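Per-entry structural report
Okay, here's what each chain looks like letter by letter:
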Amino acid sequence: MDFLQVIKEKASAAQRRIILPESGDSRVLKAARQIVDQKLARITLIGEERQLPRQASDLRIDLSDLEIIEPAAHPKREQYVKTLYQLRREKGLSLDEARELLNNPLYFGTMMVYCGDMDGMVAGSISTTGNVLRPALQIIKTERRYQTVSGAFLIFVPDCILGEHGLFVFADCAVNVNPDSRTLAEIGIQAGHTARNLANFEPVISFLSFSTQGSASHEMVDKVREAVQIAREMEPSWAIDGEFQADAALIPAVGRQKAPGSPVAGKANVLVFPDLQSGNIGYKLVERLAKAVAIGPILQGMAKPVNDLSRGCNSDDIVNMVAITAVQAQATIRP
Ligand SMILES: CC(C)(COP(=O)(O)OP(=O)(O)OC[C@H]1O[C@@H](n2cnc3c(N)ncnc32)[C@H](O)[C@@H]1OP(=O)(O)O)[C@@H](O)C(=O)NCCC(=O)NCCS
Ligand SMILES: CC(=O)OP(=O)(O)O
């Protein structure tokens, strides 16, 4: 998995500040130790300054050289309360509600990233995706060129020659439940950028369906076909095609048979799923049955990096996601 090594080297060179709000989870503490030891990023944990090192030492994890912050006692707390209130008062948030929300480590960490006091946040080992995403969508919002935030996975299938020597980007596996064709097109383009910027390969993008180029007729298929057209208009020079069934997208012989002449069929390395049911189920099947490494959900289209985890993650997954967040943070810092 050379791509991961490259990501870690970039993270190490960048030395970004990443906040981990879920310090109640031993996997997070173990990962924090590994990240600092491997010099991948500067880590701040949200937790009780007195309690946390003791809890960690019971687990034989040394946190003595890590920064720990307590939202209730943080010197910028009132500043964050006011900023959150100003951002959300038109949505009906009162000052007291803003103060209350900032007791939630996920809101506090997100606010630190928004205010530039941290470069990125990784959470989701004990929180649901919705709870990790909501503060980020409300406070940090989308990058200016996009209307949507979506969630991609880097999927590495061992002993596989398909895709980019076994490496793929899958999207959207985390956020948009039933995207319309415009949103689906944007998800595909974001996944292409993820392929280029994080996985280091040129995207060959397939929009997936249960139909291959008109083999079935249904409004769900029409949505995917429209998304292909829109995505091509967004990035005319990229290899983008569909709608394809998964075998037509991935397997050269099937691609030639079902979609002759397509520059993508049989060669796809970016798979765009038509909705969240198929995307989330699809990535978990490949992860669990093909024993693939699944890194994500990497949030695409966010103005500043916040990344989610699956609650089924291990500490290595957290280390990898912190490295990715650090690389994204480095890319968003303008000279
Ligand atoms: C992401 C999600 C939490 C947002 O749901 P929600 O909290 O009900 O969101 P709302 O519709 O109230 O929107 C909240 C804010 O987020 C914004 N938002 C919601 N979805 C967005 C998206 N995909 N991209 C960008 N912004 C989005 C809204 O515009 C809104 O902004 P505003 O409050 O400033 O107007 C919801 O879509 C969800 O639960 N998705 C599935 C997550 C999941 O379970 N994944 C499977 C496991 S990974
Ligand atoms: C990405 C994902 O599916 O997250 P979880 O397993 O926590 O629901």
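As a reminder, the structure under discussion sits directly above these lines.
Computed from a predicted structure; not experimentally measured.

All right, on to unusual backbone geometry then. Cis geometry marks the peptide bond from Ala171 to Asp172; its omega dihedral reads -15°. The amide bond that connects Gly296 to the next residue, Pro297, takes the cis arrangement and shows omega of -5°. One non-glycine residue, Asp159, lies in the positive phi region at around 50°. One can find Asp159 in the loop between strand S5 (150–156) and helix H8 (162–165).

The next thing to look at is the environment of Leu52. Inspection of the secondary structure puts Leu52 in helix H3 (residues 51–58). Classification of Leu52 by relative accessible area gives buried; the value is 3%. Taking the C-alpha atoms as reference points, Leu52 and Gly24, 28 residues apart in sequence, are found 8.3 Å from one another. Other than its neighbours up to four places away in sequence, Leu52 contacts Ser23, Leu29, Leu45, Gly47, Leu63 and Ile68.

All residues in the neighbourhood of ligand 2 are listed as Thr129, Phe153, Asn280, Tyr283, Lys284, Pro297, Ser310 and Arg311. Between Lys284 and ligand 2, the recorded distance is 2.8 Å, taken from a side-chain N or O atom to an oxygen atom. Isolated, ligand 2 exposes 260 Å² of accessible area, and the fraction of that covered by the protein chains is 87%. The biggest single contributor to the shell around ligand 2 is helix H13 (residues 276–289), with 3 residues. Broken down by class, the residue content of the shell around ligand 2 amounts to 3 nonpolar, 3 polar and 2 charged.

What counts and how
Residues numbered from 1 in each chain as written. Chains lettered and ligands numbered in written order. Predicted model: local features only at pLDDT ≥ 70, side-chain atom pairs only at ≥ 80, totals over all residues. Heavy atoms only, no water. Helix = DSSP H or I, 4+ residues; strand = E, 2+ residues; numbered from the N terminus. Buried < 20%, exposed > 50% of the residue type's maximum accessible area, 1.4 Å probe, protein only. Contact = heavy atoms within 4.5 Å. Near = heavy atom within 4 Å. Polar contact = N/O pair within 3.5 Å; in protein donor to acceptor, adjacent residues only side chain to side chain. Areas by Shrake-Rupley, 256 points an atom, 1.4 Å probe, with all protein chains shown as cover. Nonpolar A, V, L, I, M, F, W, Y, C, P; charged D, E, K, R; others polar.

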